[in-house]
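Structural description and commentary
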Amino acid sequence: MPPEAQGNMMSGAEMIIRALKEQGVDTIFGYPGGAVLPIYDALFKQNHIRHILVRQEGGAVHAAEGYARSTGKPGVVLVTSGPGATNAVTGLVDALMDSIPIVCITGQVPTHLIGSDAFQEADTVGITRPATKHNYLVKNVADVGRVMHEAFYVATNGRPGPVVIDMPKDIQVETGVYTGSPKTKHRSYQPQLKGDLGAIRQAVELIASARRPVFYTGGGVINSGPNASQLLREFVRMTGFPITTTLMGLGSYPASDPQWLGMLGMHGTYEANLAMHDCDVMINIGARFDDRITGRLNAFSPDSKKIHVDIDRSSINKNVHADVAIVGDAGHVLEDMIKVWKAGVHRPDKQAIADWWKQIDQWRGKDCLKYEPSKDVIMPQYALQRLHALTKHLKPYFTTEVGQHQMWAAQFIGFEEPNHWMTSGGLGTMGYGLPAAVGVQIAHPNALVIDVAGEASTMMNIQEFSTAVQHDAPIKVFILNNEYMGMVRQWQQISYEGRYSHSYSDSLPDFVKLAEAMHGVGLRCTKPDEVDGVIEEMMAIRKPVIVDCQVAKLENCFPMVPSGAAHNEILLNARDAGLERADDLALV
Amino acid sequence: MRPQLPIERHTMAVLVDNEAGVLARVIGLFSGRGYNIESLTVAEVNHAEGLSRITVVTRGTPPVIEQIKAQLERLIPVHKVSDLTVEGPAVERELALVKVAALGDPRVESLRLADAFRARVLDTTTDSFTFEITGSSEKIDAFVELMKPLGLVDVSRTGVVAIKRGAGGM
Ligand SMILES: Cc1cc2nc3c(=O)[nH]c(=O)nc-3n(C[C@H](O)[C@H](O)[C@H](O)COP(=O)(O)OP(=O)(O)OC[C@H]3O[C@@H](n4cnc5c(N)ncnc54)[C@H](O)[C@@H]3O)c2cc1C
Ligand SMILES: Cc1ncc(C[n+]2csc(CCOP(=O)(O)OP(=O)(O)O)c2C)c(N)n1
Ligand SMILES: [Mg+2]
């Protein structure tokens, strides 16, 4: 054996730790079990990598997602075989849908037992094949280093996503020579970052000729990194055009800027949706024409020419035809667009753009997010407005669960910076927000991290509150408790004549006592004039907190483009939806 | 509703790393996204570099065909996808083994037809023939149809393989 190889002789488990270190990983989220004991033993013997013990493997993946989305670094997960791996699947699909870079190491039964229905055996690569961007089963200890590095490369390059590495237990124990380095790439997967210059010129010409333009930007700008958000701001301001962002793109453009129209889509603003419907040039950067955005496809922005910038070739022309398609990274393409724009002589027709803004201002005049305030019950929108107002100077990180509270958070919290908003958009996974908040807090120990939650979603991963307590992660779970699966109840009210089939949150725990029982702090508010006090108290506590904010039970989330409708068929309030205003007081 | 678009048949060549599970990825992509597979063949074509070539025949509207190509390209072990129907012209061939059990006139007739189709006799017993035939899928379909009344027992087909005409690759 050559001498240099001798220093590189180690067990598969040690190779895993070595590769993690070389990748600059400081934190992993995991849960032990028989098939990963060698890796846990190797973890025990080192102190570079911090292990966050979760309470259920699904929580580990969501925590890693929160860590990844708030730092721009990949999130790392370690779970055991069989049930450990299957519990992780929801989180993997969540990361796949929302383009979050995750490397998930799963234990596997020893290679000679694979296929024998061994104890805690599951076909993890089979189960996770459609749940990941890519996955590996390592069958030779000599491959461990290379596969680990390749997994990080695949997870973080191009359109980010989750990668699973299935590690049989014998491979973890066996010794071999470590190979691989953080520079390892994949031999065929080499995504293109620069966009085609010809197409970029064509796009800029189209932009310069626009009379009713709108920027429609999404999660791809966040994926591209903070620099892309800066370039987006620069370009949008140069053009003077209106901009709207998807749920996943919030923060890439400052909400306080007058050119921002708010979020678009099913629960987006009136002005954003009508601008999309009536525009003549649509500039899509890093958004994927999701059905929550387009509504009925044949009625979607019928008169516009569409420019689509996306790093993933398959996002282009998937749902909506692009007139100018640019495959590339949002940041790189924006940089070139700005160059071409600055070099050019053509400028949009000032009068036309002024008229377009006049039209948009008229739509804005509808004040589509207004709600009927109340002196007696806490309106959920009011609670979020106060939460935003009282915390914004601290630049908090927000995560959410899934439901009405998620949409209200998107509508009422103004995001100024990228990577401060973590939500499950594509899969819509209830139970995402609490563990995601733990991951965010671990990455940013001194920041204010708030999970805007619903009471039903909170119950999906409440066990991770213990994780927060164990690891001194002072997350704030701010529950808008309406005692209903509000989003489900809203649809039942609008589309099923108010038959509230199994959407009442019965037998709820006392969330204040629950927080206390789990060694955190519980707070409660039930009246509008208590809201500020509770928020301030919450902010002052350096421990995990659950706030049981008891809100109006039957409030609905508007605006709403019912599924299958066109943007200009948007419902602005209960009256549009054919409902009387929900009579809350009678029900309290 | 989208306007009614024509359904087209396309043959694609896909160059992949010859690694465990790669075929499952391709097949899973087709089933998971609701695409059609009319025929699929796979074999290693470059041992030194560990590359296999998959030939897949699929049907769909032009936007669906474009999606299929883009989706195949984003699979990590895929090196190259070539839509031979678009990038052609290409030649396509299929091979089939066709077994016929017959005596007397039908036996003679099967041999006569095989000759007309340029099928070879691979195996003979006193009461059966196994023919090997290559050609377009339509030609094989036609041959199999003709064998049915003559005592067709079994057919084994490779599925389509294809390659671009001329000096260029894929
Ligand atoms: C209850 C509920 C209601 C919802 N209502 C709404 C709503 O009203 N409005 C709304 O907007 N959403 C809503 N959503 C979310 C929605 O389902 C989608 O998740 C979201 O619209 C997708 O956002 P996106 O288009 O920005 O794409 P993402 O999922 O963020 O995808 C990013 C796109 O950018 C590309 N990309 C990735 N990296 C790069 C890069 N570096 N450069 C360029 N491109 C890149 C990717 O290939 C992909 O095409 C809702 C979700 C839930 C659960
Ligand atoms: C895991 C999972 N199961 C079911 C759903 C369907 N679903 C969407 S919203 C919702 C209700 C959420 O209720 P709650 O957390 O109280 O939030 P609210 O809508 O009341 O604000 C349900 C059941 C889902 N998104 N995720
Ligand atoms: Mg609720």
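Residues numbered from 1 in each chain as written. Chains lettered and ligands numbered in written order. Predicted model: local features only at pLDDT ≥ 70, side-chain atom pairs only at ≥ 80, totals over all residues. Heavy atoms only, no water.

Considering the overall build of chain B
Heads up, the rule is: Segments assigned H or I by DSSP are reported as helices when at least four residues long, segments assigned E as strands when at least two residues long, and all are numbered from the N terminus. Burial classes follow relative accessibility: with a 1.4 Å probe on protein chains only, a residue under 20% of its type's maximum area counts as buried, one over 50% as exposed, and anything between as partly exposed. This count recognises Lys and Arg as positive and Asp and Glu as negative, with His and chain-terminal groups excluded. Where a charge lies is defined by one atom per residue type: Lys uses NZ, Arg uses CZ, Asp uses CG and Glu uses CD.
Secondary structure summary: chain B contains 5 helices and 9 strands in total. The order of helices and strands in chain B, counted from the N terminus, is β-α-β-β-α-β-α-β-α-β-β-α-β-β. Counting over 170 residues, chain B shows a buried share of 41%. For chain B, the distance from the average position of its 20 positive side-chain charges to the average position of its 22 negative side-chain charges is 3 Å.

Here's the deal with the site of ligand 1
All names here are of chain A. Put simply, the test is: Note on definitions. A residue lies near a molecule or strand when any single heavy atom of the residue is within 4 Å of it. For the purposes of these results, a polar contact is taken to be a pair of N or O atoms within 3.5 Å, where, inside protein, one atom must be able to donate a hydrogen and its partner to accept one; residues adjacent in sequence count only when each atom of the pair is a side-chain atom. Areas reported here follow the Shrake-Rupley algorithm with a probe of radius 1.4 Å; residue values treat only the protein chains shown as occluding. By the convention adopted, Pro, Cys, Tyr, Trp, Phe, Met, Ile, Leu, Val and Ala count as nonpolar, Lys, Arg, Asp and Glu as charged, and the other residues, Gly among them, as polar.
Ligand 1 sits among 36 residues. The nearest are G219, T246, H267, R288 and D310. The backbone of H267 places a nitrogen or oxygen atom 2.8 Å from an oxygen atom of ligand 1. Take R288: an N or O atom from its side chain is 2.7 Å from an oxygen atom of ligand 1. Expressed as a share of its isolated accessible area of 990 Å², the protein-covered part of ligand 1 is 97%. Those elements giving two or more residues to the shell around ligand 1 turn out to be α10 (219-224), α13 (291-294) and α17 (404-412). Sort the elements by how many residues they give to the shell around ligand 1 and α10 lands first, with 4 residues. For the shell around ligand 1, the class distribution of residues is 12 nonpolar, 17 polar and 7 charged.

A closer look at the coordination of the magnesium ion (ligand 3)
As a reminder, the rule being used: Donor atoms: N, O and S within 2.8 Å of the metal, or within 3.2 Å for Na, K and Ca. Because water is excluded, sites can look incomplete. Between 85 and 135 degrees for all angles marks four donors as tetrahedral; over 155 degrees for opposite donors together with 65 to 115 for all other angles marks four donors as square planar and six as octahedral; every other arrangement is irregular.
Surrounding the magnesium ion (ligand 3) are the protein donor atoms E455 of chain A (OE), E455 of chain A (OE), N482 of chain A (OD1) and Y484 of chain A (O), which sit 2.1 to 2.7 Å from the metal. In this structure, the magnesium ion (ligand 3) is coordinated by 6 donor atoms arranged in irregular fashion, with angles at the metal of 51 to 173°.

Here we look at the domain arrangement of chain B
Residues and elements named next belong to chain B. Quick note on the threshold: Each domain's extent was defined by an automatic or database domain assignment. Contacts are residue-level and defined by heavy atoms, with any inter-residue pair within 4.5 Å sufficient. Defined in terms of a 1.4 Å probe, buried area is the accessible area two parts forfeit on being brought together, summed over both. Should a side-chain nitrogen of Lys or Arg be within 4 Å of a carboxyl oxygen of Asp or Glu, the pair is scored as a salt bridge.
Under the domain assignment, chain B is made up of domain 1 (8-87) and domain 2 (91-162). The distance between the C-alpha centroids of domain 1 and domain 2 comes to 29 Å. Each partner contributes residues to the interface: domain 1 has 9 residues there, and domain 2 has 7 residues. Summing the contributions of domain 1 and of domain 2, the shared interface buries around 540 Å²; its carbon and sulfur component is 45%. Its largest share of buried area at the contact with domain 2, domain 1 owes to R9, T41 and T55, together 54% of the area lost on that side. Counting across the interface, domain 1 meets domain 2 through 1 salt bridge. Across the pair R9 and E92 runs a salt bridge whose closest N-O atoms are separated by 3.6 Å. If you look at where domain 1 meets domain 2, you find 4 residue pairs in polar contact (both at pLDDT 80 or more). At the level of elements, β1 (8-17), β2 (39-46) and β3 (51-60) are the ones that each hand at least two residues to the side of domain 1 that touches domain 2.

Quick notes on the side chain of Q490 of chain A
Residue and element names in this part refer to chain A. Inspection of the secondary structure assignment puts Q490 in helix α21 (residues 486-495). By relative accessible area, which is 0% here, Q490 ends up buried. Within polar-contact distance, the side chain of Q490 engages the backbone nitrogen of C557 at 2.8 Å. Setting aside residues no more than four positions away along its own chain, Q490 makes contact with H267, Q404, N556, C557 and M560.

Description of unusual backbone geometry
All names here are of chain A. The omega torsion of the bond from F558 to P559 falls at -5°, within 30 degrees of zero and hence cis. Topologically, P559 is positioned in the loop between β20 (545-550) and α24 (584-587). The phi dihedral of S301 is positive, around 35°, even though this residue is not glycine. With respect to the helices and strands, S301 occurs in the loop between α13 and β13 (305-310). The backbone of N317 sits at a positive phi, close to 65°, despite the residue not being glycine. Mapping N317 onto the fold places it in the loop between β13 and β14 (324-327).

Some points on the packing of helix α12 (residues 270-278) of chain A against helix α15 (residues 350-364) of chain A
Residue and element names in this part refer to chain A. How we decide: Lines fitted to C-alpha atoms define the axes here, with helix axes fitted over just the stretch in contact, and angles between the N-to-C directions of these axes take values from 0 to 180 degrees. Should an angle fall under 35 degrees it is called roughly parallel, over 145 degrees roughly antiparallel, and 65 to 115 degrees roughly perpendicular, with every other angle called oblique. Crossing handedness follows the turn of the near helix against the far one: under a right angle anticlockwise gives a left-handed crossing, and clockwise gives a right-handed one.
Between α12 and α15, whose axes approach to 8 Å, the crossing angle comes to 140°. If you check the angle between α12 and α15, you find them oblique. As for the relative orientation of α12 and α15, their crossing is right-handed in sense. Side by side, α12 and α15 meet where Y270, E271, L274, A275 and D278 of the first sit next to W356, I360, W363 and R364 of the second.

Focus on the interface of chain B and chain A
Across the contact, 20 residues belong to chain B and 19 residues belong to chain A. Taken over both partners, the interface formed by chain B and chain A buries close to 1600 Å², and the fraction arising from carbon and sulfur atoms is 44%. Here chain B is connected to chain A by 3 salt bridges. A salt bridge links D312 of chain A to R74 of chain B, with the nearest nitrogen and oxygen atoms 2.9 Å apart. Inspection of the region where chain B meets chain A yields 9 residue pairs in polar contact (both at pLDDT 80 or more). Elements with a contribution of two residues or more to the side of chain B that touches chain A: α1 (22-32), α2 (62-73) and β4 (78-83) of chain B.

A few points about the sheet that holds strand β2 (residues 27-30) of chain A
All names here are of chain A. Here is the rule we go by: The pairing criterion for strands is at least two bridges between them, as found by DSSP.
Taken in spatial order, the 6 strands line up as β3-β2-β4-β5-β7-β6 in an open sheet, and their pairing is parallel. Two strands close off the open sheet at either side, each with one partner strand: β3 (50-53) and β6 (134-137). In this sheet, adjacent strand axes meet at a mean angle of 20° when their direction is disregarded. The pairing of β2 with β3 spans 4 bridges and is classified as parallel. Within β3, the residue paired with I28 across the bridge is H51.

Regarding the confidence of the model for chain B
Condition: The predictor attaches a confidence to each residue, and that confidence, scored 0 to 100, is pLDDT.
Summarising the model, chain B shows a mean pLDDT of 96, and 98% of its residues fall at 70 or more. Confidence metrics for the complex model read pTM 0.97 and ipTM 0.93.

Here's the deal with the sheet that holds strand β15 (residues 397-400) of chain A
Residues and elements named next belong to chain A. Spatial strand order, β16-β15-β17-β18-β20-β19: 6 strands in an open sheet with parallel pairing. Edge positions in the open sheet fall to β16 (421-422) and β19 (521-525), since each of these has one partner strand only. Here β19 runs beside β20; their pairing, made up of 5 bridges, is parallel. Bridging from a neighbouring strand, C525 pairs with C549 of β20. Against the sheet, α17 engages β15, β16, β17 (449-454) and β18 (476-481), with an angle of about 135° to β17.

With respect to the nonpolar core
All names here are of chain A. What counts, and what does not: The definition of a nonpolar core used throughout is a set of buried Ala, Val, Leu, Ile, Met, Phe, Trp, Tyr and Cys residues joined through side-chain atoms within 4.5 Å.
Core analysis: the largest hydrophobic core is formed by 99 residues, its most contacted members being I307, I326, M337 and F478. Among residues more than four places away in sequence, those in contact with F478 are A383, L387, I450, D451, V452, A453, I535, M538, V547 and C549. In this structure, I100, Y432, V477 and I546 belong to the second largest nonpolar core, which totals 41 residues.

With respect to the domain arrangement of chain A
All names here are of chain A. Domains assigned within chain A are domain 1 (3-177), domain 2 (197-364) and domain 3 (380-557). If you average the C-alpha positions of domain 2 and of domain 3, the two centres end up 31 Å apart. Opposite the 17 residues of domain 2 that make contact, domain 3 presents 18 residues. Buried surface at the junction of domain 2 and domain 3, summed over both partners, amounts to about 1400 Å²; 62% is from carbon and sulfur atoms. The tally of links between domain 2 and domain 3 comes to 1 salt bridge.

Here's the deal with the pattern of salt bridges
Considering all chains together, one arrives at 31 salt bridges over all chains under this definition. Of the charged contacts, one joins R386 of chain A and D532 of chain A as a salt bridge, the two residues approaching to 2.8 Å between their closest N and O atoms. Remark: D532 of chain A occurs in helix α23 (residues 531-540) and R386 of chain A occurs in helix α16 (residues 380-391); sequence separation between them is 146 residues. Its relative accessible area of 23% is what places R386 of chain A among the partly exposed residues. Its salt-bridge partner being R120 of chain B, residue E132 of chain B comes within 3.0 Å of it at the nearest N-O pair. One end of the pair, E132 of chain B, is in strand β7 (residues 128-135); the other, R120 of chain B, is in strand β6 (residues 120-125), with 12 residues separating them in the sequence. Through salt bridges with shared partners, a single ionic network connects R9, E38, R59 and E92 of chain B.

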